[in-house]
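Residues per chain are reported as follows:
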Amino acid sequence: MGAGQHRRGVPLIAGSNRDEGTFFSALITLFAPDFQPPNREFAAAVVGDADSAPYLEALKAQHPDADAMAIYEHIWSAMFLRSAMGSTERATAAGPGGWLYRFDLPTTVELFRKEVGATHGAEIAFTFNRFNSADPGGLLLYDPEDPVVRRLSRRWSDTVIAFAKTGDPNGAGLPRWPRYDARSRQTLILDANSRVEADPDRIDRQLWEGVLGDG
């Protein structure tokens, strides 16, 4: 990079699903019913080099009725959430803009004989508008005839296309979606009634920030 040139980055959409971890718990217990999740070791995926024990204890205190597998699911969700938050915050700070979403629409089809909510990968068919296709094919976790599913699929896919064309995800049928930053933390919630919320994951975020000291 020559003198006077500055790398500004590119616009970015990133997000996570509300129930990321249920996919992994359902899959692993299908093949290993007696699996005991190594939660303290796995929690390092959220807090990195920091001691994971305080984070794990804070997570248990936040969810006092959760068993070890439910805590395992929460850790998975936090790992994806923290990564998406950091990426979009940095993209906005760099100039081009970052937009954060959270996918909340619960699945209507069981996965591995379990109800898994808005699980890992559930948003993919919406991104590619598979439900409005004559032959959706593949692994679908929603009723393709459900009008809520078809509407969200069309609007989210149109939003992704608009972003690819212009670098701005707005104007394709979803609520006005502000850039994500550490001050307002405006997040698009993709659901039956999609909406923008300010800092909807504040409680989860504060759990890891309390360990990392970056709140």
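The rules behind the values
- Residues numbered from 1 in each chain as written.
- Predicted model: local features only at pLDDT ≥ 70, side-chain atom pairs only at ≥ 80, totals over all residues.
- Heavy atoms only, no water.
- Axes fitted to C-alpha atoms, helices over the stretch in contact; angles between N-to-C directions.
- Helix = DSSP H or I, 4+ residues; strand = E, 2+ residues; numbered from the N terminus.
- Parallel < 35°, antiparallel > 145°, perpendicular 65-115°, else oblique.
- Left-handed = near helix turned anticlockwise from the far one by under 90°.
- Contact = heavy atoms within 4.5 Å.
- Nonpolar A, V, L, I, M, F, W, Y, C, P; charged D, E, K, R; others polar.
- Buried < 20%, exposed > 50% of the residue type's maximum accessible area, 1.4 Å probe, protein only.
- Core = buried A, V, L, I, M, F, W, Y, C linked by side-chain atoms within 4.5 Å.
- Salt bridge = Lys/Arg side-chain N within 4 Å of Asp/Glu carboxyl O.

## Some words on the packing of helix α1 (residues 21–31) against helix α5 (residues 68–94)
A pair of packed helices is captured by two measures, namely the crossing angle of their axes and the spacing between those axes.
Part 1: Where α1 contacts α5, the two axes come as close as 7 Å, and the packing angle between them is 135 degrees. Considering the angle they form, α1 stands oblique to α5. Regarding α1 and α5, the two cross each other, and that crossing is right-handed. Note on element contacts: α5 touches α1 through Met69, Tyr72, Glu73, Trp76, Ser77 and Phe80, opposite Gly21, Thr22, Phe24, Ser25, Ile28 and Thr29.
Part 2: In terms of residue class, the contact of α1 with α5 is built from six nonpolar, five polar and one charged.

## A word on the environment of Leu56
Part 1: Residue placement: Leu56 occurs in helix α4 (residues 52–62).
Part 2: In this structure Leu56 comes out as buried when scored by relative accessible area, which is 7%.
Part 3: The spacing of Leu56 and Asp34 is 22 residues in sequence and 21 Å in space, taken between C-alpha atoms.
Part 4: With residues up to four places along the chain from it excluded, the contact list for Leu56 reads Asn39, Arg40, Ile71 and Ile75.

## Details of the nonpolar core
Part 1: Phe103, Phe126, Tyr142, Trp156 and Leu190 are the most contacted members of the largest nonpolar core, which totals 23 residues.
Part 2: At the level of elements, β2 (98–103), α6 (124–127), α7 (147–166) and β3 (186–190) are the ones that each hand at least two residues to this core.
Part 3: Among the elements that take part in this core, α7 stands out by supplying four residues, more than any other.
Part 4: What Trp156 contacts, discounting residues up to four positions off in sequence, is Ile13, Tyr101, Phe126, Thr127, Leu174, Trp177, Leu188 and Leu190.

## Description of helix α8 (residues 202–212)
Part 1: Taken residue by residue, α8 has Arg205, Leu207, Trp208 and Glu209 as its buried positions.
Part 2: Buried residues along α8 sit against α3 (44–47), α4 and α5.
Part 3: Looking one or two residues past α8, Gly213 carries a phi angle of roughly 70 degrees, positive in sign.

## Looking at the packing of α4 against α8
Part 1: Close contact between α4 and α8 brings their axes to 9 Å; oriented N to C, the two are set at 150 degrees. By the angle class used here, α4 and α8 are roughly antiparallel. By crossing handedness, the relation of α4 to α8 is classed as right-handed. Here Pro54, Tyr55, Ala58, Leu59 and Gln62 of α4 lie close against α8, whose contacting residues are Ile203, Leu207, Trp208 and Val211.
Part 2: When grouped by side-chain class, the residues that make up the contact of α4 with α8 number eight nonpolar, one polar and no charged.

## With respect to the pattern of salt bridges
Part 1: For the structure shown, the criterion picks out ten salt bridges.
Part 2: Glu209 is paired through a salt bridge with Arg185; the nearest N and O atoms lie 3.9 Å apart. Of the two residues, Glu209 sits in helix α8 while Arg185 sits in the loop between α7 and β3, which places them 24 residues apart along the sequence. Each member of the pair Glu209 and Arg185 is classed as buried.

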